[in-house]
Amino acid sequence: MHPSKILLAALLLSTLALSATSSKVTYDGRAIIIDGKHKLLMWPDLIKKSKEGGLDAIETYVFWDSHEPARREYDFSGNLDLIRFLKTVQDEGLYAVLRIGPYVCAEWNYGGFPVWLHNMPGVQMRTANDVFMNEMKNFTTLIVNMVKQENLFASQGGPVILAQIENEYGNVMSSYGDEGKAYVEWCANMAQSLHIGVPWIMCQQSDAPEPMINTCNGWYCDQFTPNRPTIPKMWTENWTGWFKSWGGKDPHRTAEDLAFAVARFYQLGGTFQNYYMYHGGTNFGRTAGGPYITTSYDYDAPLDEYGNLNQPKWGHLKELHDVLHSMEDTVTRGNISSVDFGNSVSGTIYSTEKGSSCFFANTDSKNDTTINFQGIDYKVPAWSVSILPDCENVVYNTAKVSAQTSVMVKKTNVAEDEPAALSCVNLKEDDPVWGDNMTLRIAGSGQILHVFVNGEFLGSQWAKYGVFDYVFEQQIKLNKGKNIITLLSATVGFANYGSNFDLTQAGVRGPVELVGYHDDEIVIKDLSSHKWSYKVGLEGLYQELFSSDSSKWQQDNYPTNQMFTWYKSSFKAPLGTDPVVVDLIGLGKGLAWVNGNSIGRYWPSFIAEDGCSLDPCDYRGSYDNNKCVTNCGKPTQRWYHVPRSFLNSEGDNTLVLFEEFGGDPASVNFQTIAIGSACVSAEENKKIELSCQGRPISAIKFASFGNPLGTCGSFSSGTCEASNDAISIVEKACVGQESCTIDVSEDTFGSTTCGDDVIKTLAVEAIC
């Protein structure tokens, strides 16, 4: 028995950019109106682009730490308005999937748990613990009742078709023993007791109790089998790329491989597939977890961090979605048969009385193969799936990308003409550790440590992603008698994943030692047991310098390359509606605010590690996050997203920086991001679209129909050409238009000098 729908979903976070305000706020479906002024809101645009990309549903997490920042104090205002988010999805005619968790992972700070939960007496998280379960039930019930009250579950006529309890618990459950098993049973019973009228799912939970539906997360889920034959095969996280860490490379997943994974899943009986992420966005404020997750959460998703179409990924998947939807009735209701063609090629045929649809998959990572099916030869490229809605004509192959490639450019702004601990150390001259060769040695795990001795900076040290325990040791000069040692330890996000992740220590764990080196003798004086005073936070944050008009600011001769310095500047909002970024090159590390809104942590001085290949990325073969990487030897993140909803379109805007390491803000500038050029390379008998996403196509730099060579930005003519001038034909169809459609055929471009053994191709590069 098959469900009657193929469902394709996208995960968008419901905490997208919307500036919080105490002014009067209304919503007209396209923008937020604050005191009569429009501010661009990202939700409707992202949801609309998801639907245009061929999706049926939007998934979202529910972030416990954001909605209950203090126990029994709730916040669903502004960009935390979950109900408005779900209604916006509904207004676009899409379904919704509500992943309540309330543990979410998501590379989110502390996995979405509020820190107050950690401090409750007797609490043990994610196990059979009454304190934790009472709080989890309270929050889950709150969310369910809010959704019920607005009639948003599908059982009430609303868009929410699925809800999720817990998240990837099966990956860590063995660490919790029998109490972990009891906790899973409790989760299922608690969720079912809420009577939402739609199924509950548990991802990565192979033993999910009835009636929970267990689902798969990963880069590939075609081989996944549900734990009961009566439930559908569902994929809750298809990883479209990967997250980025400070000091790490930029991971990319090719459009060909992602499409291959999706097609294989539906070939082998899949019914619901969700992209994680379809839009990853930005970790504003201190929401990034990890630790060491960057402010950018672009994820190489089909919609990039700023909401632009990530082409060709978005377009290649759209074509796949359209083909799958065209076969929906056959694939969900048809009888299934399979054929093994050999050489790693298999076929799956779905048949009804009305007709048949076929998938041909080649899982060989190197060799193309030609097969014969019903008397017709078909070439199936390596690591690809060919889809034939009528079992005769190949309409789509995952390895053949005809969607445009968009080259994004940044343009200048033309509108412009943590905790501290102090200790006194009394050191007498006759102390065994005293000498000319002494070091201060500190065992830390707080990610970053700054050390001062008697008011003078001694040094800093920070961890690398994945290795957070380190030892700081540097030469030290002390006074006889009283000395003041000051340690400033800072975290870069709390842990968000793993068994007992909530117990991961961060800070100065110790020991803190003075080490004296005397010829062959080493003397160690442990300072850990001394009386240490302790203070959390920084005065500038307590005083909210990022949103105040404090008189403490000085205008002339601002210091540069000085640690722990606050900077403030005004700027004009860039003209137009293109996404805005701020270039923070020249700075070290710190926090940034625009008009009082935190745009997250910045760290452009952290250079990405080596290990990038100069060879083009080969989509063939299994993907992981180390396969296709870029940005080696460059700042991990140089540009930071400033949502237009944070900006005043008229008048001045304020940028405030807290510089932790020391830097020079002279080079800081605001830019916009837009398409600079668009390229297409498509085989004959395809219709291709060129688009500048709302801007006119200004010129055609290259066009050739035949066997052109090269890639976007470096196309050249091959050995054969069409009889008609391809550039003139494309110019006539496209220049001055925001988008244009071209039929790739000899009817359009004329006959060619290519032989019958040449697959004729059109290559175009357009300037936006």
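Residue positions are counted from 1 within each chain, in the order its sequence is given. Selection of residues for local features in this predicted model requires a pLDDT of at least 70, selection of side-chain atom pairs for listing and counting requires 80 or more, and totals for whole chains, interfaces and linings are taken over all residues. Note that water and hydrogens are dropped before the side-chain values are worked out from all heavy atoms of the structure.

- The chain is annotated in an unreviewed UniProt entry as Beta-galactosidase from Salix purpurea.
- UniProt positions are given in the numbering used here, feature names are shortened, and annotations may be inferred rather than shown by experiment. In the Subcellular location (unreviewed entry) part of its UniProt record, the chain is described as follows: "Secreted, Extracellular space, Apoplast".
- One UniProt comment on the chain, placed under Sequence similarities (unreviewed entry), says "Belongs to the glycosyl hydrolase 35 family."

**Considerations on the overall build of the chain**
And then number 1: Per the convention used, a helix needs a DSSP run of H or I reaching at least four residues, while a strand needs a run of E reaching at least two, with both numbered from the N terminus. Within the chain one finds 12 helices and 41 strands.
And then number 2: Our radius of gyration is a C-alpha quantity, and the globule rule it is checked against amounts to 2.2 Å times the number of residues to the power 0.38. For a compact globule of 768 residues, the expected C-alpha radius of gyration is about 27 Å, and the chain comes in at 29 Å, within 12% of that figure.
And then number 3: Projected onto its principal axes, the C-alpha positions of the chain cover 95 × 65 × 60 Å.
And then number 4: Burial classes follow relative accessibility: with a 1.4 Å probe on protein chains only, a residue under 20% of its type's maximum area counts as buried, one over 50% as exposed, and anything between as partly exposed. Each of the 768 residues in the chain was classed as buried or not, and the buried ones make up 55%.
And then number 5: Surface accessibility in these figures is a Shrake-Rupley result with a 1.4 Å probe; residues are shielded only by whichever protein chains are displayed. Accessible area for the chain stands at about 32400 Å²; split by element, carbon and sulfur atoms hold 47% of it.
And then number 6: A gap of 4 Å separates the mean positions of the 59 positive and 89 negative side-chain charges of the chain. His is not counted here, nor are the chain ends, while Lys and Arg score as positive and Asp and Glu score as negative. Working definition for charges: the position is that of NZ of Lys, CZ of Arg, CG of Asp or CD of Glu.

**Here's the deal with the sheet that holds strand 25 (residues 470–475)**
And then number 1: The rule for pairing is simple: two strands pair if DSSP sees at least two bridges between them. The antiparallel open sheet is built from 4 strands, whose spatial order is 25-22-27-28. Because the sheet does not close on itself, it has two edges, and the strands there are strand 25 and strand 28 (521–526). Direction aside, the axes of adjacent strands within the sheet are offset by 25 degrees on average.
And then number 2: Sheet topology places strand 22 (residues 438–444) next to strand 25; 6 bridges connect them, and they run antiparallel. Among the inter-strand pairings, Ile442 is bridged to a residue of strand 25, identified as Phe472. Fitted lines through C-alpha atoms give the axes, limited to the stretch in contact for helices. The angle between two N-to-C directions lies from 0 to 180 degrees.

**Overview of the packing of helix 1 (residues 42–52) against helix 3 (residues 82–91)**
And then number 1: Running from amino to carboxyl end, helix 1 crosses helix 3 at an angle of 35 degrees, the nearest separation of the two axes being 10 Å. Judged by the twist between their axes, the crossing of helix 1 over helix 3 is right-handed. Contact residues: Trp43, Pro44 and Ile47 in helix 1; Arg84, Phe85, Thr88 and Val89 in helix 3.
And then number 2: We call Asp, Glu, Lys and Arg charged. Ala, Val, Leu, Ile, Met, Phe, Trp, Tyr, Cys and Pro are nonpolar, and the rest, Gly among them, are polar. Residue classes in the contact of helix 1 with helix 3 are distributed as 5 nonpolar, 1 polar and 1 charged. Each crossing gets its hand from how the near helix is turned against the far one by less than a right angle, where anticlockwise is left-handed and clockwise is right-handed. Contacts are residue-level and defined by heavy atoms, with any inter-residue pair within 4.5 Å sufficient.

**Quick notes on the side chain of Asn413**
And then number 1: In this structure, Asn413 sits in the loop between strand 20 (405–412) and strand 21 (420–427).
And then number 2: Within the local environment of Asn413, its side chain forms a polar contact with the backbone oxygen of Lys572, the two atoms lying 2.9 Å apart.
And then number 3: Once you skip the residues sitting within four places of it in the chain, Asn413 turns out to touch Lys572, Ala573, Pro574, Leu575 and Phe670. Identification of polar contacts relies on pairs of N or O atoms within 3.5 Å, with a donor-acceptor requirement for protein atoms, meaning one able to donate a hydrogen and the other able to accept it, and with residues adjacent in sequence counted only if both atoms are side-chain atoms.

**A closer look at the packing of helix 7 (residues 255–267) against helix 8 (residues 313–326)**
And then number 1: Look at helix 7 against helix 8: their axes get within 9 Å of each other, and the N-to-C directions meet at 20 degrees. Here helix 7 lies roughly parallel to helix 8, going by the angle between them. As for how helix 7 packs across helix 8, the hand of that crossing is right-handed. Residues Ala255, Glu256, Leu258, Ala259, Val262, Ala263 and Tyr266 of helix 7 touch helix 8, and the partners they reach there are Lys313, His316, Leu317, Leu320 and Leu324.
And then number 2: Residues that form the contact of helix 7 with helix 8 fall into these classes: 9 nonpolar, 1 polar and 2 charged. Convention used here: angles under 35 degrees read as roughly parallel, angles over 145 as roughly antiparallel, angles from 65 to 115 as roughly perpendicular, and any remaining angle as oblique.

**Brief notes about the sheet that holds strand 30 (residues 565–572)**
And then number 1: With respect to topology, 4 strands assemble into an open sheet ordered 30-36-32-33, the strand pairing being antiparallel. Only two strands of the sheet have a single partner each, and these edge strands are strand 30 and strand 33 (597–602). Ignoring strand direction, the axes of neighbouring strands in this sheet form an average angle of 20 degrees.
And then number 2: Summarising the sheet, strand 32 (residues 590–594) and strand 33 pair through 5 bridges and their orientation is antiparallel. Across the sheet, residue Trp593 finds its bridge partner in strand 33, namely Ser598.

**Focus: the UniProt feature "domain: SUEL-type lectin" (unreviewed entry) in the chain**
And then number 1: UniProt records the feature "domain: SUEL-type lectin" (unreviewed entry) for residues 682–768 in the present numbering.
And then number 2: As annotated, residues 682–768 comprises 15% helix and 33% strand, and the C-alpha atoms at either end are separated by 20 Å.

**Brief notes about the side chain of Arg601**
And then number 1: Along the chain, the position of Arg601 falls in strand 33.
And then number 2: If we ignore the near neighbours within four places in the chain, the residues touching Arg601 are Trp246, Gly285, Arg286, Ala288, Thr295, Thr491, Val492, Gly493, Gly590, Leu591 and Tyr640.

**A look at the nonpolar core**
And then number 1: Nine residue types can take part in a nonpolar core, namely buried Ala, Val, Leu, Ile, Met, Phe, Trp, Tyr and Cys, and a core is a set of them joined through side-chain atoms within 4.5 Å. One finds Phe132, Ile143, Trp200 and Ile387 to be the most contacted residues of the largest nonpolar core, which totals 94 residues.
And then number 2: Once you skip the residues sitting within four places of it in the chain, Ile143 turns out to touch Val62, Phe76, Leu82, Leu98 and Ile100.
And then number 3: Leu440, Ile476, Ile485 and Tyr640 belong to the second largest nonpolar core, which has 46 residues in total.

**Some details on the state of the cysteines**
And then number 1: Disulfide: a pair of cysteine sulfur atoms within 2.5 Å of each other. In this structure the tally under the stated criterion is 8 disulfides.
And then number 2: A sulfur-sulfur separation of 2.0 Å characterises the disulfide bridge that pairs Cys692 with Cys768. On the S-S bond that ties Cys692 to Cys768, the torsion sits near -80 degrees, and the link is left-handed. Residue Cys692 is located in the loop between strand 38 (686–691) and strand 39 (699–706), and its partner Cys768 is located in the segment after strand 41 (761–767); the two are separated by 76 residues in the primary sequence. With respect to class, Cys692 is no different from Cys768; both count as buried.
And then number 3: Cys105 carries a free sulfur, and the closest cysteine sulfur to it, the one in Cys203, is 9.4 Å from it.
And then number 4: Looking at Cys187, it has no disulfide partner, and the nearest cysteine sulfur is the one in Cys203, 12 Å off.
And then number 5: According to the relative accessible area criterion, Cys187 is buried, its value standing at 1%.

**A look at the pattern of salt bridges**
And then number 1: By definition, a salt bridge exists where a carboxyl oxygen of Asp or Glu is found within 4 Å of a side-chain nitrogen of Lys or Arg. Per the stated rule, a full pass over the model turns up 30 salt bridges.
And then number 2: We note a salt bridge from Arg72 to Glu68, for which the minimum N-O separation is 3.3 Å.
And then number 3: On the accessibility criterion, Glu68 (0% relative accessible area) is buried.
And then number 4: For the salt bridge of Arg638 with Asp583, the shortest nitrogen-to-oxygen distance reads 2.9 Å. A residue pair is termed long-range when its members are at least 10 positions apart, and Arg638 in the loop between strand 34 (629–630) and strand 35 (639–642) and Asp583 in strand 31 (residues 580–583) qualify at 55 residues.
And then number 5: The class for Arg638 is partly exposed, based on a relative accessible area of 29%.
And then number 6: On the basis of relative accessible area, Asp583 is assigned to the buried category, the value being 2%.
And then number 7: If you follow the salt bridges from partner to partner, you end up with Glu68, Arg71, Arg72 and Glu135 in one network.

**Notes on unusual backbone geometry**
And then number 1: The linkage connecting Gln311 with the following residue, Pro312, adopts the cis geometry, with an omega of 20 degrees.
And then number 2: Within the secondary structure, Pro312 is located in the loop between strand 12 (272–276) and helix 8.
And then number 3: Following Gly510, the chain continues into Pro511 via a peptide bond in cis, with omega recorded as 5 degrees.
And then number 4: The phi angle at Asn595 is positive, at roughly 50 degrees, despite the residue not being glycine.
And then number 5: Here Asn595 lies in the loop between strand 32 and strand 33.

**Let's talk about helix 8**
And then number 1: In this scheme, a helix's expected span is set at 1.5 Å multiplied by one less than its residue total. Under the 1.5 Å per step criterion, the end-to-end length of helix 8 is 20 Å for 14 residues, consistent within 8% with the ideal 20 Å.
And then number 2: Burial in helix 8 covers these residues: Lys313, Trp314, Gly315, His316, Leu317, Leu320, His321, Val323 and Leu324.

**Quick notes on the packing of aromatic side chains**
And then number 1: The rule is short: rings of Phe, Tyr and Trp, with Trp giving its six-membered ring, pair when the centres are within 6.5 Å, and they are stacked under 30 degrees, edge-to-face over 60, tilted in between. Scanning the model with the defined rule gives 56 aromatic pairs in all.
And then number 2: With a centroid separation of 6.4 Å and 80 degrees between ring planes, the pair formed by Phe341 and Phe373 is classed as edge-to-face. A residue pair is termed long-range when its members are at least 10 positions apart, and Phe341 in strand 13 (residues 335–342) and Phe373 in strand 16 (residues 369–373) qualify at 32 residues.
And then number 3: A relative accessible area of 11% means that Phe373 is categorised as buried.
And then number 4: For a ring to carry a charge above it, either NZ of a lysine or CZ of an arginine must fall within 6 Å of the ring centroid while also lying within 35 degrees of the normal to the ring plane. We note Arg126 situated over the ring of Tyr103; from NZ or CZ to the ring centre the distance is 3.7 Å.
And then number 5: Across the ring face of Trp639, the terminal group of Lys410 is positioned such that the distance to the ring centre comes to 4.0 Å.

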